[in-house]
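Chain by chain, the residues run as shown.
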Amino acid sequence: MKKRSSADGATVLIVGAGPAGLVLGNLLLAAGIDCLIVERSSREHVERRARAGFLAADTVRVLVAGGLGAGLLARGRQHGTCVFRSERGEFALHYGDLGRGEAHTVYPQQELVTDLVAEFLHRGGDLRFGTPVSEVGGLDGERPWLVAHGADGTPYRLTGRYVAGCDGRHGVSRRLPADAVRSHRRRHGVSWLALLVETPPALPAVTYAVHDRGFAGHMARTPSVTRYYLQCEPGTDPGSWSDSAIWEELDLRMRAERFGPLRRGPVLERAVVDLESDVLDPMQYGRLFLAGDAAGLISPSAAKGANLAVMAAETLAQAFAAALHLRDEEPLARYSATCLPRIWRAQEFSHWMIGLLHAPRGDDEESRFLRALRDSRLENLRTSPPQQHSFADNYVGV
Ligand code: RFL
């Protein structure tokens, strides 16, 4: 298909080819709006970057309606149950039958990104990999611009009518004047060793293990790859965990002796994730609009980040279409106000989940207090049907 942008710009310049940028780009092309995506990393890198896997029903609806759901409908698997293990035993929550009655579709983020890249190119999109953006400017005027660097590092300028900052938590587009955009940030003081293991899921459901040595989790990804999490000390070097230490600790915290063995396999990837939140308000500055992690980083404790990124991309695509096709700037002016309540609701739930799954280990009175709170929260979830319905709505909804 013919490219719908020019060498020196496009109507909408999108920084970043993660879920936010790629969904936005695809929806804009479908609406007949020319756009261009610049991505710092190589195509191979973004198509292999394993992160999220749990897509909410609303996310699936947006992707399918945008003609972006073929892969996830063919290969995604439905999950509507999660299990909690603790000293007191194990209980399952069939959240797919509670609340709004919706389940997750498990589809690895790298497969979704691969589908979105292929579709964007198929629709004639201009997607420049290996092209970092070093500066975004002119945001107060009619012709905002960005400085991109080609394969040999040579800088060049791209100009557009709007810029969409979809460049994640460390991106350049979120570096905005402090008096124009306020950051709301919290480091939760909890870190996870995030592991990808080449082994079929050992358990039929997402399993959260609450343990005084720290949280451990098991999440399906594909029939042959499983994600495990182990809470670790902040600042841990992921390489300092040997495979045998990982399996020993997983067995202990998941209580394998009591509930059955885990399936072991080669550890394909290990990384330390610090649980952090960072929300910018407003998510806009002049002609720059932020979406995804760039606007509202969320801890992975409730698996919301990729879902919020897709929802923001849809809201932004509709607002650009109104501005460009109908000369109606109102949806763009309301963009932050539309997205932020959804982001804060997810932040609140994700923060609640952190308190459900973690408590400090120490024997001081505050640690003891927080452990007792955590246990009470878990017990409330086990026994209270209204709490279970509310959990289901928040867990799977965005
Ligand atoms: P991304 O995916 O980080 O994409 C941003 C892109 O911008 C590029 N970039 C630049 N490009 C050009 N110039 C620059 N100067 C640039 N700076 C950056 C980057 O290379 C990148 O390609 O952000 P986006 O699109 O907002 O998407 C956000 C999601 O990726 C993220 O929220 C989720 O992965 C979070 N997350 C999960 N979310 C879920 O909904 N469900 C889950 O189960 C889930 N599990 C997870 C997760 C995140 C994890 N980590 C690694 C933090 C599990 C983990 C371990």
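**Student:** Give a detailed account of the sheet that holds strand β3 (residues 54–55), specifying residues and quantitative values.
**Tutor:** Within the open sheet, the three strands sit side by side as β3-β7-β4. Their pairing is antiparallel. For this open sheet the edge positions go to β3 and β4 (77–79), each flanked by a neighbour on one side alone. Sheet topology note: the β4/strand β7 (residues 104–106) ladder contains three bridges and is antiparallel. When the sheet's bridge partners are listed, Arg77 is paired in β7 with Val106.

**Student:** How would you sum up the domain arrangement of the protein chain? Please name residues and give values.
**Tutor:** Partitioning the protein chain into domains gives domain 1 (6–79 + 103–184 + 276–350) and domain 2 (188–275 + 362–396). Inter-centroid distance (C-alpha atoms) of domain 1 to domain 2 is 30 Å. Taken together, the 23 residues of domain 1 in the interface contact 20 residues of domain 2. With both chains or domains summed, domain 1 and domain 2 bury close to 1,800 Å², and 57% of this area falls on carbon and sulfur atoms. Remark: the boundary between domain 1 and domain 2 carries zero salt bridges. Connecting domain 1 to domain 2 are 10 residue pairs in polar contact (both at pLDDT 80 or more).

**Student:** An account of the nonpolar core is needed here, citing residue identities and associated values.
**Tutor:** Of all hydrophobic cores here, the largest spans 74 residues; its most connected members are Val12, Leu24, Leu146 and Phe320. It is helix α8 (residues 305–326) that contributes the most residues to this core, 13 residues altogether. Setting aside chain neighbours within four positions, we find Leu24 in contact with Ile14, Ala164, Cys166, Ala313, Leu316, Ala317 and Phe320. Judged by nonpolar contacts, the second largest core, of 31 residues, contains Leu98, Ala194, Ala302 and Leu381.

**Student:** I'd like a description of the site of the ligand, backed by residues and values.
**Tutor:** Taken together, 36 residues surround the ligand, and among them Glu39, Arg49, Gln109, Asp293 and Ala306 come closest. For the ligand, a nitrogen atom lies 2.9 Å from a polar atom in the backbone of Val133. The backbone of Gly305 places a nitrogen or oxygen atom 3.3 Å from an oxygen atom of the ligand. In isolation the ligand offers 1,000 Å² of accessible surface; the protein chains occlude 91% of this area. Contributing elements (two or more residues each) for the shell around the ligand: α1 (19–30), β16 (225–232) and α8. For the shell around the ligand, the element with the most residues is α8, which contributes four residues. For the shell around the ligand, the class distribution of residues is 17 nonpolar, 10 polar and nine charged.

**Student:** Break down the packing of aromatic side chains for me, citing the residues and quoting the values.
**Tutor:** Counting across every chain of the model gives 18 aromatic pairs. Look at Tyr208 and Tyr395: their rings are 6.5 Å apart centre to centre, the planes differ by 70 degrees, and that puts the pair in the edge-to-face class. Taken together, the positions of Tyr208 in strand β14 (residues 206–209) and Tyr395 in helix α12 (residues 385–396) put the pair 187 residues apart, joining distant regions of the chain. Using a relative accessible area of 4% as the deciding quantity, one classes Tyr208 as buried. For the ring pair Phe289 and Tyr335, a centre distance of 6.0 Å and an interplane angle of 75 degrees mean the geometry is edge-to-face.

How each quantity is defined
- Residues numbered from 1 in each chain as written.
- Predicted model: local features only at pLDDT ≥ 70, side-chain atom pairs only at ≥ 80, totals over all residues.
- Heavy atoms only, no water.
- Pairing = 2+ DSSP bridges.
- Helix = DSSP H or I, 4+ residues; strand = E, 2+ residues; numbered from the N terminus.
- Domains from an automatic or database assignment.
- Contact = heavy atoms within 4.5 Å.
- Buried area = accessible area lost by both parts, 1.4 Å probe.
- Salt bridge = Lys/Arg side-chain N within 4 Å of Asp/Glu carboxyl O.
- Polar contact = N/O pair within 3.5 Å; in protein donor to acceptor, adjacent residues only side chain to side chain.
- Core = buried A, V, L, I, M, F, W, Y, C linked by side-chain atoms within 4.5 Å.
- Buried < 20%, exposed > 50% of the residue type's maximum accessible area, 1.4 Å probe, protein only.
- Near = heavy atom within 4 Å.
- Areas by Shrake-Rupley, 256 points an atom, 1.4 Å probe, with all protein chains shown as cover.
- Nonpolar A, V, L, I, M, F, W, Y, C, P; charged D, E, K, R; others polar.
- Phe/Tyr/Trp six-rings, centres within 6.5 Å; stacked < 30°, edge-to-face > 60°.

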